[in-house]
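Breakdown of the fold
Single-letter residue listing:
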Amino acid sequence: MKCPFCDADNTRVIDSRPADDNHAIRRRRQCDNCKKRFTSFEKVESQPLIVVKKDRTREAYNRSKLEGGIYRSLHKRPVPADDINAAIDDIENTIFMSTEKEIESSEIGEIVIKRLKELDPVAYVRFASVYREFKDIGTFMEELKKFIDA
């Protein structure tokens, strides 16, 4: 595995332990070149999940897209990285719990919105405003009222 700091190919495993309720292995690695340490995770490769987009096109599920949307909504919010990663893992586990080979992007969006609502109210509103395509301030205020009344 390449070192994320110096891009060297020579890294070694220092420690391995179960993670994600024994569904993954967490490995601590050290680069032989720069001596820095980093963490990697190993998971069983499952059957590819296909995401059906709004325009009915299909593409393979991509965790980095999920992470990107969540990180953008949490930008400059006081949420610990461990909580963010746990939320992403929870969302991903929910997505993959289905026995279906395809999932609508709207279904993923609703799962994300529900989890962000629990994690951080500002991130929830940020994500919802883009995901639900708020057209004006009135729509935005309606969503805020729902959140405050809940």
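In this report, the structure presented in the accompanying data block is examined. Computed from a predicted model, the values in this text were never measured in an experiment. (Residues numbered from 1 in each chain as written. Predicted model: local features only at pLDDT ≥ 70, side-chain atom pairs only at ≥ 80, totals over all residues. Heavy atoms only, no water.)

Some points on the environment of Thr94
- Locating Thr94 in the fold gives a position in helix α2 (residues 81-97).
- Separated by 43 residues in the primary sequence, Thr94 and Val51 place their C-alpha atoms 14 Å from one another.
- A polar side-chain atom of Thr94 sits 2.9 Å from the main-chain carbonyl oxygen of Asp90. (Helix = DSSP H or I, 4+ residues; strand = E, 2+ residues; numbered from the N terminus. Polar contact = N/O pair within 3.5 Å; in protein donor to acceptor, adjacent residues only side chain to side chain.)

Notes on the sheet that holds strand β4 (residues 50-52)
- What the 3 strands build is an open sheet, ordered β5-β4-β6; its pairing is mixed. Looking at the sheet topology across the chains shown, the edges are occupied by β5 (58-60) and β6 (102-104). With strand direction ignored, the average angle separating the axes of adjacent strands in the sheet is 30 degrees.
- Across 3 bridges, the pairing between β4 and β5 is antiparallel. (Pairing = 2+ DSSP bridges. Axes fitted to C-alpha atoms, helices over the stretch in contact; angles between N-to-C directions.)

Points about the packing of helix α3 (residues 105-119) against helix α4 (residues 121-131)
- Two elements in contact, α3 and α4, have axes separated by 8 Å at closest approach and are oriented at 160 degrees. What the angle tells us is that α3 and α4 run roughly antiparallel. When the axes of α3 and α4 are compared, the crossing they make is left-handed. Along its contact with α3, which presents Ser105, Ser106, Gly109, Glu110, Val112, Ile113, Leu116 and Lys117, the element α4 presents Pro121, Ala123, Tyr124, Phe127, Ala128 and Tyr131.
- Here the contact of α3 with α4 is composed, by residue class, of 9 nonpolar, 3 polar and 2 charged. (Parallel < 35°, antiparallel > 145°, perpendicular 65-115°, else oblique. Left-handed = near helix turned anticlockwise from the far one by under 90°. Contact = heavy atoms within 4.5 Å. Nonpolar A, V, L, I, M, F, W, Y, C, P; charged D, E, K, R; others polar.)

Quick word on the nonpolar core
- Ranked by internal contacts, the top residues of the largest apolar core, which has 26 residues, are Leu66, Ile70, Leu74, Ile91, Ile95, Val112 and Leu116.
- Elements with a minimum of two residues in this core: α1 (63-73), α2, α3 and α4.
- Setting aside chain neighbours within four positions, we find Leu116 in contact with Ile70, Ser73, Leu74, Pro121, Ala123, Tyr124 and Phe127. (Core = buried A, V, L, I, M, F, W, Y, C linked by side-chain atoms within 4.5 Å. Buried < 20%, exposed > 50% of the residue type's maximum accessible area, 1.4 Å probe, protein only.)

With respect to the pairing of strand β1 (residues 11-19)
- For β1 and strand β2 (residues 24-31), the ladder comprises 8 bridges, and the chain directions are antiparallel. Directly across from Arg17, in β2, lies its bridge partner Arg26.
- Connecting β1 to the antiparallel partner β2 that follows it, the hairpin turn spans 4 residues, and Asp20 within it adopts a positive phi of roughly 50 degrees.

A look at α2
- The first and last C-alpha atoms of α2 sit 24 Å apart over 17 residues, in line with the 24 Å expected at 1.5 Å per residue.
- Buried residues along α2 sit against β3 (37-43), α1, β6 and α3. (Expected span 1.5 Å × (residues − 1).)

Considering the pattern of salt bridges
- Following the criterion strictly, the structure yields 16 salt bridges and no others.
- The partner of Arg12 in a salt bridge is Asp32, with the nearest N and O atoms 2.6 Å apart. Remark: Asp32 occurs in the loop between β2 and β3 and Arg12 occurs in strand β1; sequence separation between them is 20 residues.
- Look at Asp32 and you get partly exposed, because its relative accessible area is 26%.
- Between Arg27 and Glu42 there is a salt bridge whose closest N-O contact spans 2.8 Å. Remark: Glu42 occurs in strand β3 and Arg27 occurs in strand β2; sequence separation between them is 15 residues.
- Exposure remark for Arg27: the relative accessible area of 18% places this residue in the buried category.
- Each of the salt bridges in this network shares a partner with another, and the network as a whole consists of Asp20, Lys43, Arg63, Glu67, Asp89 and Glu92. (Salt bridge = Lys/Arg side-chain N within 4 Å of Asp/Glu carboxyl O.)

Re unusual backbone geometry
- For Asp20, which is not glycine, the phi dihedral falls at a positive 50 degrees.
- If you trace the backbone, Asp20 turns up in the loop between β1 and β2.
- Even without being a glycine, Asp21 presents a positive backbone phi close to 55 degrees.
- Along the chain, the position of Asp21 falls in the loop between β1 and β2.
- A residue is classified by how much of its surface remains accessible, and Asp21, at 69% relative accessible area, is exposed.

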